[in-house]
Amino acid sequence: LQVSIMTPDRVFWNAEAEELILPTNTGQMGILTNHIPLVTALDIGVMLVRTSTEWISVALMGGFAQIQDNKVIILVNEAEQADTIDPNEAESALSDAKKVLEVASNRKEKIEANLIFKRARARYQVVK
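Residues numbered from 1 in each chain as written. Predicted model: local features only at pLDDT ≥ 70, side-chain atom pairs only at ≥ 80, totals over all residues. Heavy atoms only, no water.

What follows covers the packing of helix H1 (residues 87–103) against helix H2 (residues 107–127). With their axes 8 Å apart at the nearest point, H1 and H2 run at an angle of 155° to one another. Taken together, the axes of H1 and H2 lie roughly antiparallel to each other. Where H1 crosses over H2, the handedness of that crossing is left-handed. Contacts between H1 and H2 involve Pro-87, Glu-89, Ala-90, Glu-91, Ala-93, Leu-94, Ala-97, Lys-98, Val-100, Leu-101 and Val-103 from the former and Glu-109, Lys-110, Ala-113, Asn-114, Ile-116, Phe-117, Ala-120, Arg-121, Arg-123, Tyr-124 and Val-127 from the latter. When grouped by side-chain class, the residues that make up the contact of H1 with H2 number 14 nonpolar, one polar and seven charged. (Axes fitted to C-alpha atoms, helices over the stretch in contact; angles between N-to-C directions. Helix = DSSP H or I, 4+ residues; strand = E, 2+ residues; numbered from the N terminus. Parallel < 35°, antiparallel > 145°, perpendicular 65-115°, else oblique. Left-handed = near helix turned anticlockwise from the far one by under 90°. Contact = heavy atoms within 4.5 Å. Nonpolar A, V, L, I, M, F, W, Y, C, P; charged D, E, K, R; others polar.)

Dropping the structure here:
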């Protein structure tokens, strides 16, 4: 699979992969060679990439993926790998996000708190 991850300001990743696990809005989706053509929405979460030698975790902050002819094009608002995330900061942000989610009282606050929590959880999962 040829995998390209693009954010608004750069090409974040452009490399070969053996397998992908994407965080879609309906759950995780595995992508292997010769996958059926597909366009899917991506949720905030962790994408797993299997190269020929290792699994790599990438935090995706929502977007879309197009799979066609063994090419996967991923358009996201933001993407981060473990080496760019401070583990202590990620843990602290997750703890803070949980507190904000617990005290959210109205619908708007709950939606905003949930987005903050999902982002913090994805960053934390990538570094742990």
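Let us keep going from here.
Inspection of the secondary structure assignment puts Phe-64 in strand E6 (residues 55–68). Separated by 62 residues in sequence, Phe-64 and Gln-2 place their C-alpha atoms 16 Å apart. If near-sequence neighbours (up to four positions away) are discounted, Phe-64 is found in contact with Thr-40, Ala-41, Leu-42, Ile-73, Ile-74 and Leu-75.

With that settled, the discussion passes to H2. Working note: α-helix, 3.6 residues per turn, so residues spaced by three or four point in the same direction. The end-to-end C-alpha separation of H2 is 31 Å, in line with the 30 Å expected for 21 residues at 1.5 Å each. Between a side-chain oxygen at the N-terminus of H2 and the backbone nitrogen of Lys-108 the separation is 3.1 Å; the capping residue is Asn-106. (Expected span 1.5 Å × (residues − 1). Polar contact = N/O pair within 3.5 Å; in protein donor to acceptor, adjacent residues only side chain to side chain.)

Let us now look at the nonpolar core. Counting 21 residues, the largest nonpolar core has Val-3, Ile-5, Leu-20, Met-47, Leu-60 and Ile-74 as its most contacted members. Among the secondary structure elements, those contributing two or more residues to this core are strand E1 (2–7), strand E2 (10–16), strand E3 (19–24), strand E5 (38–50), E6 and strand E7 (71–76). Of the residues forming this core, the biggest block, five residues, is contributed by E6. Setting aside residues up to four positions removed in sequence, Ile-74 forms contacts with Val-3, Ser-4, Ile-5, Met-6, Leu-22, Leu-42, Met-47, Leu-60, Phe-64 and Ala-65. If you look at the next biggest cluster of nonpolar residues, it comprises nine residues, including Met-61, Ala-90, Val-126 and Val-127. (Core = buried A, V, L, I, M, F, W, Y, C linked by side-chain atoms within 4.5 Å. Buried < 20%, exposed > 50% of the residue type's maximum accessible area, 1.4 Å probe, protein only.)

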